[in-house]
Amino acid sequence: MTPSELAVLVLAIGGVFFALVAAVGLIRLPDLYTRAHATSKSETLGAVLMLAAVAIVVDSSMSTLKAGLLLLFMFLTNPTAAHAITRAAAEQGIEPWTTGTDDESTTETDTESRPPNEEVNGS
């Protein structure tokens with residue numbers, strides 16, 4: 001196995017790993033803000049690693065340049081888009097998910113699952 005093949009293999013495996021991390025974060029995390037964070041960071045890194053692997057595999061210098069420009073474009077646009085989406089959600093009044101213990105930070109799920117006579121602080 002040549003060094004370039006090894007580099008492509010490592011980059012591709014890393015790209016797949018971070019893409020899977022982003023998918024798991026999208027499915028498992030509770031609200032828009034945490035999901036946007038997980039997908040913007042992990043998916044950007046996964047896509048960049050995959051594009052780097054593609055840039056190494058292609059033989060043409062023009063194709064490598066195009067992959068490099070796509071890589072730069074992804075670095076600039078993915079986090080910016082996630083920021084714009086979360087900012088728009090905040091402006092629309094979408095509250096982040098919390099698990100607080102005081103009266104102001106309890107969620108609807110917390111109040112629904114608690115018996116009617118139980119106080120929030122547990123006393």
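Residues numbered from 1 in each chain as written. Predicted model: local features only at pLDDT ≥ 70, side-chain atom pairs only at ≥ 80, totals over all residues. Heavy atoms only, no water.

A short note on the overall build of the protein chain
Okay, step 1: Secondary structure assignment for the protein chain yields four helices and zero strands.
Okay, step 2: Moving toward the C terminus, one meets the helices and strands of the protein chain in the order α-α-α-α.
Okay, step 3: Buried positions account for 23% of the 123 residues belonging to the protein chain.
Okay, step 4: Contacts in the protein chain between residues far apart in sequence, at least 24 positions, make up 59% of those at least 6 positions apart.
Okay, step 5: Carbon and sulfur atoms make up 66% of the accessible area of the protein chain, which amounts to about 8,800 Å² in all. (Helix = DSSP H or I, 4+ residues; strand = E, 2+ residues; numbered from the N terminus. Buried < 20%, exposed > 50% of the residue type's maximum accessible area, 1.4 Å probe, protein only. Contact = heavy atoms within 4.5 Å. Areas by Shrake-Rupley, 256 points an atom, 1.4 Å probe, with all protein chains shown as cover.)

Here's the deal with the pattern of salt bridges
It is possible for side chains of opposite charge to pair when their charged atoms get near one another.
Okay, step 1: Applying the stated criterion to the full structure yields one salt bridge.
Okay, step 2: Of the charged contacts, one joins Glu91 and Arg87 as a salt bridge, the two residues approaching to 3.6 Å between their closest N and O atoms. Taken together, the residues span about one helical turn, with Glu91 and Arg87 both in helix 3 (residues 61–91) at a distance of four residues. (Salt bridge = Lys/Arg side-chain N within 4 Å of Asp/Glu carboxyl O.)

Some details on a nonpolar patch on the surface
Okay, step 1: A contiguous nonpolar surface patch, about 610 Å² in accessible area, is contributed by Met62, Leu65, Leu69, Leu72, Phe75 and Leu76.
Okay, step 2: For Leu72, the position within the fold is in helix 3.
Okay, step 3: Judged by relative accessible area, which is 47%, Leu72 ranks as partly exposed. (Patch = residues over 30% accessible without salt bridge, like charges linked within 9 Å, V, L, I, M, F, W, Y side chains within 5 Å.)

Considerations on the packing of aromatic side chains
Okay, step 1: Under the criterion given, the structure shown has one aromatic pair.
Okay, step 2: Ring geometry for Phe17 versus Phe18: centroids 5.1 Å apart, planes at 75 degrees, classification edge-to-face. (Phe/Tyr/Trp six-rings, centres within 6.5 Å; stacked < 30°, edge-to-face > 60°.)

Description of the nonpolar core
Okay, step 1: Grouped together as the largest cluster of nonpolar side chains are five residues: Val8, Leu11, Leu49, Ala52 and Ala53.
Okay, step 2: Mapped onto this core, the elements with two or more residues apiece are helix 1 (3–28) and helix 2 (32–57).
Okay, step 3: For Leu11, the contacting residues outside a window of four places in its chain are Leu49, Met50, Ala52, Ala53 and Ile56. (Core = buried A, V, L, I, M, F, W, Y, C linked by side-chain atoms within 4.5 Å.)

Side note on the environment of Val8
Okay, step 1: Take Val8: it is sitting in helix 1.
Okay, step 2: Discounting chain neighbours no more than four positions away, the residues touching Val8 are Ala53, Ile56 and Val57.

A word on the packing of helix 2 against helix 3
Okay, step 1: Where helix 2 meets helix 3, the axes come as close as 9 Å, and the angle between the chain directions of the two elements is 175 degrees. Classified by the interaxial angle, the pair formed by helix 2 and helix 3 is roughly antiparallel. Counting all contacts with helix 2, which are made through Leu32, Tyr33, Ala36, Ser40, Thr44, Ala47, Val48, Leu51, Ala52 and Ala55, the residues of helix 3 involved are Thr64, Ala67, Leu70, Leu71, Met74, Phe75, Asn78, Pro79, Ala82, Thr86, Ala89 and Ala90. (Axes fitted to C-alpha atoms, helices over the stretch in contact; angles between N-to-C directions. Parallel < 35°, antiparallel > 145°, perpendicular 65-115°, else oblique.)

Examining the confidence of the model for the protein chain
Okay, step 1: Confidence along the protein chain averages 84 in pLDDT terms, with 81% of residues attaining 70 or more.
Okay, step 2: Per-element averaging of pLDDT across the protein chain places helix 4 (residues 108–113) at the bottom with 52 and helix 1 at the top with 95. (pLDDT = per-residue confidence, 0-100.)

Comments concerning helix 3
Okay, step 1: With 31 residues, helix 3 ought to run about 45 Å at 1.5 Å a step, and its terminal C-alpha atoms sit 45 Å apart, in line with that.
Okay, step 2: Among the residues of helix 3, Ala67, Ala82, Thr86 and Ala89 are the ones counted as buried.
Okay, step 3: Of the surrounding elements, those touching the buried residues of helix 3 are helix 2.
Okay, step 4: Between the side-chain oxygen of the N-cap and the backbone nitrogen of Met62 there are 3.3 Å, and the N-cap of helix 3 in question is Ser60.
Okay, step 5: After helix 3 finishes, the residue Gly93 shows a positive phi value of roughly 90 degrees. (Expected span 1.5 Å × (residues − 1). Polar contact = N/O pair within 3.5 Å; in protein donor to acceptor, adjacent residues only side chain to side chain.)

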